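Breakdown of the fold
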Amino acid sequence: MLNIPISIHDDLIAHAREGFPFEVCGILGGTDNTVSATYRMTNTDASNEHFMMDKELRAKGLSMLAIYHSHPETPARPSAEDIRLALTPNVSTVIISLAEADNPVVKSYRITGGSVDPEEIILNL
Ligand SMILES: [Zn+2]
């Protein structure tokens, strides 16, 4: 379960729309299962950037809760590539789909060792 403030949820959709038709990505930080910060990343192939962000989050007493990216044209389901690249344990994979431009969809998954479990997102004020 991931608790996401509506303002951050809206910001994820805004980020995905700004990047369209390209994919964007970033990190969600917070404590326990509650997101309180987003960090937009510039590079989609960014394991080094993940590492730096993780350090920065920890310095603020936050944990990396999720790595997000957009699917400009496809549904909010992990691709084979997403499953292959989801190597960070205990970090959720959040996908923002703009496949239906007027109805963006945000979904979260736990991906471990090639198996994909949908994770509930709860929106908070
Ligand atoms: Zn993807």
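Presented here is a report on the structure given in the accompanying data block. Here the structure is a predicted model, which means the values were calculated and not measured. (Residues numbered from 1 in each chain as written. Predicted model: local features only at pLDDT ≥ 70, side-chain atom pairs only at ≥ 80, totals over all residues. Heavy atoms only, no water.)

**Comments concerning the coordination of the zinc ion**
On the protein side, the zinc ion has His 69 (NE2), His 71 (NE2), Asp 82 (OD) and Asp 82 (OD) as donor atoms, found 2.0 to 2.5 Å from it. Here the zinc ion binds four donor atoms, and the angle range of 56 to 160° at the metal identifies the geometry as irregular. Of note, the donors binding the zinc ion are all from one chain and are spaced H-x1-H-x10-D. With His 69 in strand β4 (residues 63-71) and Asp 82 in helix α3 (residues 80-85), the pair connects residues that are 13 residues apart, well separated along the chain. For Asp 82, a relative accessible area of 12% translates into the label buried. (Donors = N, O, S within 2.8 Å, 3.2 Å for Na, K, Ca; no water. Tetrahedral: all angles 85-135°; square planar, octahedral: opposite > 155°, others 65-115°. Helix = DSSP H or I, 4+ residues; strand = E, 2+ residues; numbered from the N terminus. Buried < 20%, exposed > 50% of the residue type's maximum accessible area, 1.4 Å probe, protein only.)

**Thoughts on the environment of Val 91**
Along the chain, the position of Val 91 falls in the loop between α3 and β5 (92-97). When the C-alpha positions of Val 91 and Gly 19 are compared, they lie 23 Å apart, and in sequence the two are 72 residues distant. Look past the residues within four positions of Val 91 in its chain and what remains in contact with it is Met 64, Leu 65, Ala 66, Ile 67 and Arg 110. (Contact = heavy atoms within 4.5 Å.)

Remember that the coordinates give geometry; whether it matters functionally is a separate question.
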